[in-house]
Amino acid sequence: VNRRSLADIRAEVVCTAMCATCPAPTCSKTAAGAASARKLKLMWLFGVALVMSVLDAQCAAQSLAPRVFHVSPTGEDSGNCTDESHPCATFRFAVQQARNTTGNATSTSVAFRLAAGLYHGECSSTGLMLPWSSVDISGPSSGLMETAIIDCAGQGRFLYLMGVNIVVRNLQVQNAFSVGLGMHGSGAALLWMCNQTGCSILLQNCSFINCIANGLAGGGAVALIFTGSDDQAGQIEDVVVRVADNCRFDSNQVPSDAVNAAGSVTTPAWGGALSISFLLPAYNCSIIIGSAGNNNNNN
């Protein structure tokens, strides 16, 4: 039937275009056939458009969904860490696989899921650098007391984030230590430097314990630094910082005689638990600090 219709179209289009010269009965017949062919064609085009729109929607959803990488102390550092049933053993290895998978595209959204347990060897002098625009780092969300614990053992910083949308939840970071030039020594557990409009961070159900930072922006455990961007005309806009009620800061500090990587004393020192710094005038910004546990943090 389809072959016959296509064959008819060839004759009918020609005859319809020449309808004024065709005999009346033939012209009537071919005109009706042409109308039917046009209807079939429109139906076919509509079907193609519908299929394409569905595929586009699926592709758009996939492009917006974060790439998810799984980590567990009982896992193995092999593969690409994207299979929940075969997680990698270290967060560090998962970050490297994320870099390999995304090609370091800063516009990519990535998520890391850490199973409960104790993690060692995850910290360094700079911290694990995560360049992606959207980052979600989450431990187990079962509500159990056991959680994902990052023990830096005084060997450096855990995270150095540079994205726009950050979520860190269900984690405990302890015994982190940072030292660096200027602000780069701040935030022993987590240092976030955002230079875009609309920077947003959520810290939820996290514990930061016994972290020490030596940096100009303070923040023994966490330092959030907003620098502004070239297109913001000398100001910082639309920042949202939320530290949820169930976060805990315990025994973190910025020493009053903190020394940076150049060997000079860093002054002033503040924010033994958390510091938030705006390097330009800020507008339309929200900072929400819940009733987080705050014990024995100096400055």
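Here's what I pulled together on the structure shown here. (Residues numbered from 1 in each chain as written. Predicted model: local features only at pLDDT ≥ 70, side-chain atom pairs only at ≥ 80, totals over all residues. Heavy atoms only, no water.)

## Focus: the nonpolar core
Put simply, the test is: For the purposes of this section, nonpolar cores are sets of buried Ala, Val, Leu, Ile, Met, Phe, Trp, Tyr and Cys residues that join through side-chain atoms within 4.5 Å. Categorising residues by exposure relies on relative accessible area from a 1.4 Å probe, with only protein chains included: less than 20% of the type maximum marks a residue as buried, more than 50% marks it as exposed, and the intermediate range marks it as partly exposed. Every helix listed is a DSSP run of H or I at least four residues long, and every strand listed is a run of E at least two residues long, numbered separately from the N terminus. Note on definitions: a residue-residue contact is assigned when non-hydrogen atoms from the two residues lie within 4.5 Å.
Residues Phe 91, Phe 112, Leu 114, Leu 130, Phe 158 and Trp 192 are the most contacted members of the largest nonpolar core, which totals 52 residues. For this core, the leading source of residues is helix 3 (residues 91–102), giving four residues. Once you skip the residues sitting within four places of it in the chain, Phe 91 turns out to touch Val 71, Phe 112, Leu 114, Glu 122, Leu 128, Leu 130, Ile 137, Phe 158 and Leu 159. Listed in part, the six residues of the second largest apolar core include Tyr 160, Leu 191, Ala 223 and Ile 225.

## Section: the sheet that holds strand 4 (residues 128–130)
For clarity, the threshold we go by: For two strands to be treated as a pair, DSSP must find at least two bridges joining them. For every element, the axis is a line fit to its C-alpha atoms; helices are fit only across the contacting stretch, and the angle between N-to-C directions ranges from 0 to 180 degrees.
Judged by pairing direction, the sheet is parallel, and its five strands sit side by side in the order 4-7-11-15-19 without closing on themselves. With partners counted over all chains shown, the strands left at the sheet margins are strand 4 and strand 19 (274–278), one partner each. Across the sheet, the axes of successive neighbouring strands diverge by a mean angle of 10°, strand direction being ignored. Relative to strand 11 (residues 190–194), strand 7 (residues 159–161) runs parallel, the two sharing three bridges. Bridge pairing in strand 11 links Leu 161 to Trp 192. In this fold helix 3 packs onto strand 4 and strand 7, with an angle of close to 35° to the strand it touches most, strand 4.

## So, helix 3
What counts, and what does not: Expected span of a helix: the number of residues minus one, times 1.5 Å. The arc refers to the directions leading from the helix axis to the C-beta atoms.
With twelve residues, helix 3 extends 16 Å from end C-alpha to end C-alpha; this agrees with the ideal 16 Å at 1.5 Å per step. For helix 3, the complete set of buried residues consists of Phe 91, Ala 94, Val 95, Gln 97, Ala 98 and Thr 102. One side of helix 3 holds all its buried residues, which, seen down the axis, span an arc of 160°. Each element contacted by the buried residues of helix 3 is listed here: strand 1 (67–71), strand 2 (109–114), strand 4, strand 5 (134–138) and strand 7.

## What to know about unusual backbone geometry
Of note, the phi angle at Asn 175 is positive, near 60°, even though the residue is not glycine. Note on placement: Asn 175 falls in the loop between strand 9 (171–174) and strand 10 (177–179). With phi around 60°, Ser 251 is a residue other than glycine that occupies positive phi space. Inspection of the secondary structure puts Ser 251 in the loop between strand 18 (248–250) and strand 19. The exposure class assigned to Ser 251 is partly exposed, which follows from its relative accessible area of 28%.

## Notes on the state of the cysteines
The test is simple: Note on disulfides: each one is a pair of cysteine sulfur atoms within 2.5 Å.
Per the stated rule, a full pass over the model turns up three disulfides. Here Cys 81 is linked by a disulfide to Cys 88, with a sulfur-sulfur distance of 1.9 Å. The chirality of the disulfide connecting Cys 81 with Cys 88 is left-handed, given an S-S dihedral of about -95°. Both residues of the pair, Cys 81 and Cys 88, count as buried. One disulfide bridge connects Cys 194 with Cys 199, the sulfur atoms lying 1.9 Å from each other. Across the S-S bond of Cys 194 and Cys 199 the torsion is about -80°, and the bridge reads as left-handed. When its relative accessible area of 1% is taken as the criterion, Cys 194 is described as buried. The class for Cys 199 is buried, based on a relative accessible area of 1%. Summary of cysteine pairing: Cys 211 is not part of a disulfide, and the nearest cysteine sulfur, belonging to Cys 152, is at 6.7 Å. Cys 211 sits in the buried class, given a relative accessible area of 0%.

## Some remarks on the packing of aromatic side chains
Both the distance between ring centres and the angle between the ring planes are used here to describe each pair of aromatic rings. To keep things clear, this is the line we draw: Pairing of aromatic side chains here covers Phe, Tyr and the six-membered ring of Trp, requires ring centres within 6.5 Å, and sorts the geometry by plane angle: under 30 degrees stacked, over 60 edge-to-face, intermediate tilted.
Following the criterion strictly, the structure yields seven aromatic pairs and no others. On the basis of an interplanar angle of 65° and a centroid distance of 5.0 Å, the ring pair of Phe 91 and Phe 112 is categorised as edge-to-face. With a gap of 21 residues between them, Phe 91 in helix 3 and Phe 112 in strand 2 connect regions that are remote in the sequence. By the burial criterion, Phe 91 is buried, and Phe 112 matches it. Ring centres 5.5 Å apart and planes at 50° place the aromatic pair Phe 91 and Phe 158 in the tilted group. Here Phe 91 is found in helix 3, whereas its partner Phe 158 is found in the loop between strand 6 (148–151) and strand 7, with 67 residues between them in sequence. The same class applies to Phe 91 and to Phe 158, which are both buried.

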